[in-house]
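# Residue-level structural notes
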Amino acid sequence: MKQTLFLFFALFTCVLLAQTKVSGVIQDASGDPVAFANVIFKGSNEGTISNEDGRFYLESDKTYTGVIFSFVGFSNKEVTLTQRSNYNMIVLLEEEAAALNEVVIISGKQSKKNNPAIDILRKIWQNRRENGVKKFKQYQYDKYEKLEFDLNTIDSGLIKSKIFRGMEFVFDQIDTSKITGNTYLPIFINEASSKVYGDNILNEEKDVLEGNKNSGFENNQTLIAFVKDLYSEYDVYDNYLKFFDKAFTSPLSRTGIDVYNYVLLDSAYRDNKWCYNIVYYPRRKNELTFKGDFWVNDTTWAIKEINLQASKSANLNWVREVYIEQEFDVLNDSIFLITRDYFLSDFSLRKKEGARGIYGKRTTLYDNYVFDLPKDKKFYSEQVDPYQYEVYNRPDEFWDKHRMEQLNKDEKGVYKMLDTLKTVPRFKALYNIGATLASGYYEINNFDFGPVFSIFGFNEAEGMRIRLGGRTYFSQNDPWRIEGFGAYGFKDRRFKYGISAKWLLDRRTRLTIFGGNRKDVEQTGASLTNSNDVLGRSLASSSLISVGANDRLTRINLTTAGFSIEPAKNFIVRLTGSYRTLRSATETFSIDYNVKENGVFTGEVRSEISQPEIELAFNYTPNKKTSGYGVERTIINDGNYPSFYLGYSYGLKGIMSGDFEYQKLQALYTQPWNIGGLGRLYSTVEVGKTFGEVPLSLLNPIPGNQTYFSIYNTFTQLDYYEFVSDTYTSLHLQHNFGGRLFSRIPLLRKLNLREVIGFRAVYGEISPENIALNASGIEYQAPGDIYYEYSFGIGNIFRIFRIDFNFRGNYLQNPDARKFGVTGVFGFSF
């Protein structure tokens, strides 16, 4: 009873605040939904458009007595409103015989010549605007950003559920969305005030955070940064708008006339400027498109206002709704400045109407533009302390001055509500379960046990393997961290372990010292570019299921120590000293080599290698975004930035019983590419060379893949050590069309499947001197004739799985060559 009163009171309050509400479905005479019909309050410019299912929701703070429904080819219908709230309306539109030709004009090819809306669109292209700040040498402005998460579709069933037992007070803050009409409960809010400086000559921009305030839970900067990255900056004048790792076709795109229908709906004054109102909606389903409308000035052809709502049928996972509003201040014929940007997304496990979900909202306001005040170049490049106490603890007076938009009563209530919620034991338990599933670690006091997903493994050397590990964890921003694990193989009956420690000495330059030791079994032929990550271990080392025998494994005892520094943002220099001993982990695999002293073979064969090494590495990752300021930072936009790696290694002989002297030079370049409406390409190039004579374990085997998992940057149809090289160049390409092709096939359209193609190639050499050292029994073969393979995949199966069909291109005469294989991979993606 108490919960029901809360809900009734909240809904009653919403009715008082919103004077007029309408919702329902629009149908034709046969009962079929009328998609993208116009819904406008009579005597106003306030309106919306029905979705693909003909459903609509519209509300206003003003009181209206009528609403008008219209669509090309149908007679307009006016409905009188007798009350403030009018839900679940069924509106029937009748076809208008005289208007049937208009449907042909707008949807057919002739529309490009005779449709006035498209004539206006061409004017927009001819007078395409750049963001006003790009018209000046330098610029600066104030920016206020508000991020909010809301639990939506609140009903009595949820309020009475056992999940919220003891937490019923949270429902005091229920409100109704003006976009979707669903009830929602604010659960998190973050405010940030900053000053943005830019220099178009230097091509530099810097965002200086002046204040940050949030409700919710401590150490939530990762969540904030993750949401901000999802809602990355975009320009509506661009051909494609990128968010959720997808490229949506902009309604202002030059390709828009092939993707959208456009209708000139109205003309009116907007802020004393005469503007045309154009409605647009997609021509086809299942494509990454929007529906909505925009107002464009009749002389400058600059956009004054625009709203975009993603198509319900768009091939997008976990997101039920996307809605964008932007407002601009047109200064003169050549300059416009954005003043407000609003982005709403509705995250849900199901797209079904009535399913519960979470709103993610971002509101950004811009003000106080100033131009042509230059700053020194050092201002943009200097590193600053990423954490300043006063920035995150500003008094209320600061926010009263810097908020460009006041919080409503529900947003204000979130701060108090969540402070209370954190003290409820049941909430703490639910939060801990969610944190474990998200991070893979289970926290007890200041120690995390995990990762829980790597407890079990299997390989030919160890048989079934059990691994237990953990790490110190006081907070996300710990200046130091110790991590370790212990593992046991039931076949070899041996205990393995690993331990590492790292300490951040300076936050500004990120000067860090590190060290560790690991004694383990590893598949050393699983990657080309070397890694001295003391706790790193590839999936190939312990896959539960594999193709053929995964018995070419190595027992490794690795010790490392070194330091790293970040002299410039995302540019890391690392110096590492390492010492490792290597020997075979199985009787069927050998790393034996012929001993050579003073250029002469002694006739001795050894089975173990002892090797100290010094490595100098440079890693540059422009546009990488991270969260936190501790010794470990969370990468927010993983896979969405280029990466450059250059490493030089020197092997020491005669020092610490080192067996070989050599030099290695390796480079790696990865790059994601968004190719407009054709999807996303991911590419990797690796090159390397070893100078000196070394045995099998110090060479560069071409990375095979004998698991049933699709592992990027490996060759799926190669066995481990099938190719061995000391000089190599490899190329990996993987392109995801995002459903672009399957969406054109009627029987596949509703499945939202995605097409993935891949191509992999490698060239390699092996010197006669290194062949002469070999006593392993493995016949060295380098891919002197470029080896290649390709794959075709079907992704987004059940929204979490991709299956790949892999084909070997050449070297089919090799013993036991695998010409064809099927692999798969699980993953979360939008």
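Bear in mind that the values here come from a model prediction, so they are computed numbers and not experimental data.

### Regarding the overall build of the chain
Of regular secondary structure, the chain possesses 12 helices and 44 strands. Looking at the chain as a whole, 52% of its 830 residues qualify as buried. Here the analysis covers contacts within the chain between residues at least 6 apart in sequence; of these, 63% occur between residues at least 24 apart. Looking at the chain as shown, the accessible area adds up to about 38800 Å², and 56% of this sits on carbon and sulfur atoms.

### Overview of the side chain of Arg580
By secondary structure assignment, the location of Arg580 is in strand β29 (residues 571-584). Although Arg580 is buried, it forms no salt bridge, and the closest oppositely charged side chain is Glu613 at an N-O distance of 4.2 Å. The contacts of Arg580, once residues within four sequence positions are left out, are Asn532, Asn557, Leu558, Ile609, Ser610, Gln611 and Glu613.

### Focus: helix α4 (residues 116-126)
For α4, the complete set of buried residues consists of Ala117, Ile118, Ile120, Leu121, Ile124 and Trp125. Viewed end-on, α4 has its buried residues packed into an arc of 155 degrees, placing them on one side of the element. With a side-chain oxygen positioned 3.0 Å from the backbone nitrogen of Ala117, the residue opening α4 is Asn115.

### Some details on the pattern of salt bridges
Summed over all chains, the structure comprises 37 salt bridges. Between Glu78 and Lys42 there is a salt bridge, with its nearest N and O atoms 2.8 Å apart. Taken together, the positions of Glu78 in strand β6 (residues 77-80) and Lys42 in the loop between β2 (38-41) and β3 (47-49) put the pair 36 residues apart, joining distant regions of the chain. Assessed through its relative accessible area of 42%, Lys42 is described here as partly exposed. A salt bridge links Glu789 to Arg760; its shortest N-O distance comes to 2.9 Å. With Glu789 in strand β42 (residues 787-797) and Arg760 in strand β41 (residues 754-765), the pair connects residues that are 29 residues apart, well separated along the chain. Look at the salt bridges and you will find they share partners, linking Glu462, Arg465, Asp492, Lys496, Arg518, Asp520, Glu522 and Arg555 into a network.

### Comments concerning unusual backbone geometry
As a rule of thumb, non-glycine residues mostly have phi less than zero, and peptide bonds are mostly trans rather than cis. Residues other than glycine seldom take positive phi values, yet Asn713 does so here, at roughly 75 degrees. Residue placement: Asn713 occurs in the loop between β38 (700-701) and β39 (724-725). For Asn713, a relative accessible area of 19% corresponds to the buried category.

### With respect to the environment of Phe709
Relative to the helices and strands, Phe709 is located in the loop between β38 and β39. On the basis of relative accessible area, Phe709 is assigned to the partly exposed category, the value being 36%. Distance in space between the C-alpha atoms of Phe709 and Val825 is 5.5 Å, their sequence separation being 116 residues.

### Regarding the packing of aromatic side chains
The geometry of an aromatic ring pair is captured by two quantities: the separation of the ring centres and the angle between the planes. The full count for this structure, using the stated rule, is 39 aromatic pairs. Members of the aromatic cluster, each reached through a chain of ring pairs, are Phe136, Tyr139, Tyr141, Tyr366, Tyr369 and Phe371. Here the basic side chain of Arg799 rests over the ring of Trp318, its NZ or CZ set 4.2 Å away from the ring centre.

### Some points on the sheet that holds strand β4 (residues 55-60)
Each strand in a sheet pairs with another by means of backbone hydrogen bonds, the pair being arranged parallel or else antiparallel. Across the sheet, which stays open at both edges, the 3 strands sit in the order β4-β1-β7 with mixed pairing between neighbours. The open sheet terminates on both sides in strands that have one partner only, identified here as β4 and β7 (85-92). Each neighbouring strand pair of the sheet contributes to a mean axis angle of 20 degrees, computed without reference to strand direction. Relative to β4, strand β1 (residues 20-27) is paired through 6 bridges, and the arrangement is antiparallel. Opposite Val22, over in β4, you have Leu58 as the bridge partner.

### Observations regarding the nonpolar core
Core analysis: the biggest nonpolar cluster contains 54 residues, and Phe243, Phe290 and Phe294 have the highest contact counts within it. With 6 residues, α4 is the largest single contributor of residues to this core. Counting 23 residues, the second largest nonpolar core, distinct from the first, contains Ile26, Val39, Ile49 and Val263.

### Examining the confidence of the model for the chain
Here the chain averages 83 in pLDDT, while 84% of its residues score no lower than 70. Confidence drops under a pLDDT of 50 for residues 1-18, and excluding neighbours within four residues, the segment shows 23 contacts in the predicted structure. With pLDDT under 50 throughout, residues 98-110 is counted as low confidence; its partners more than four residues away or in other chains account for 19 contacts.

### Focus on the environment of Lys123
In this structure, Lys123 sits in helix α4. Separated by 176 residues in the primary sequence, Lys123 and Thr299 have C-alpha atoms spaced 9.6 Å apart.

### Focus on the pairing of strand β19 (residues 336-347)
A regular strand carries its side chains on alternate faces of the sheet. Among the 12 residues that make up β19, 11 are buried, leaving the element largely enclosed by the rest of the structure. Bridge count for strand β18 (residues 319-330) against β19 is 11 bridges, and the pairing is antiparallel. In the sheet register, Glu321 faces β19, and the bridge partner there is Asp346. Alignment of β19 against strand β20 (residues 357-371), held across 8 bridges, turns out to be antiparallel. The partner of Phe347 across the bridge, within β20, is Ile358.

### So, the side chain of Lys304
On the secondary structure map, Lys304 appears in strand β17 (residues 303-310). Lys304 gets classed as buried once you look at its relative accessible area, which sits at 7%. At 3.1 Å, the side chain of Lys304 and the backbone oxygen of Phe328 are in polar contact. Among residues more than four places away in sequence, those in contact with Lys304 are Arg270, Asp271, Cys275, Trp295, Val296, Gln326, Glu327, Phe328 and Asp329.

### Some remarks on the sheet that holds strand β5 (residues 66-70)
Across the sheet, 4 strands lie side by side as β3-β2-β5-β6; this open sheet has antiparallel pairing. Looking at the sheet topology across the chains shown, the edges are occupied by β3 and β6. Strand after strand, the sheet turns through a mean of 20 degrees between neighbouring axes, direction not considered. Across 3 bridges, the pairing between β2 and β3 is antiparallel. In the strand pairing of β3, Ile40 is matched with Gly47.

### Points about the pairing of strand β16 (residues 290-297)
With 8 of 8 residues buried, β16 is to be regarded as a mostly interior element. In β16, alternate side chains face the same way, and those of Phe290, Gly292, Phe294 and Val296 on one face and Lys291, Asp293, Trp295 and Asn297 on the other are all buried. As paired strands, strand β15 (residues 273-282) and β16 are joined by 6 bridges and run antiparallel to one another. Residue pairing across strands places Val279 opposite Asp293, the latter belonging to β16. Looking at chain direction, β16 and β17 are connected through 7 bridges and run antiparallel. Bridging across to β17, Trp295 finds its partner in Glu305.

### So, the environment of Ser776
Within the secondary structure layout, Ser776 lies in the loop between α12 (768-773) and β42. According to the relative accessible area criterion, Ser776 is buried, its value standing at 9%. If we skip the residues at most four places from it in the chain, Ser776 touches Ser590, Ile591, Asp592 and Leu696. Polar side-chain contacts of Ser776 include one of 3.1 Å to the backbone nitrogen of Ile778.

How each quantity is defined
Residues numbered from 1 in each chain as written. Predicted model: local features only at pLDDT ≥ 70, side-chain atom pairs only at ≥ 80, totals over all residues. Heavy atoms only, no water. Helix = DSSP H or I, 4+ residues; strand = E, 2+ residues; numbered from the N terminus. Buried < 20%, exposed > 50% of the residue type's maximum accessible area, 1.4 Å probe, protein only. Contact = heavy atoms within 4.5 Å. Areas by Shrake-Rupley, 256 points an atom, 1.4 Å probe, with all protein chains shown as cover. Lys, Arg positive; Asp, Glu negative; His and termini not counted. Salt bridge = Lys/Arg side-chain N within 4 Å of Asp/Glu carboxyl O. Arc of directions from axis to C-beta. Polar contact = N/O pair within 3.5 Å; in protein donor to acceptor, adjacent residues only side chain to side chain. Phe/Tyr/Trp six-rings, centres within 6.5 Å; stacked < 30°, edge-to-face > 60°. Lys NZ or Arg CZ within 6 Å of the ring centre and 35° of its normal. Pairing = 2+ DSSP bridges. Axes fitted to C-alpha atoms, helices over the stretch in contact; angles between N-to-C directions. Core = buried A, V, L, I, M, F, W, Y, C linked by side-chain atoms within 4.5 Å. pLDDT = per-residue confidence, 0-100.

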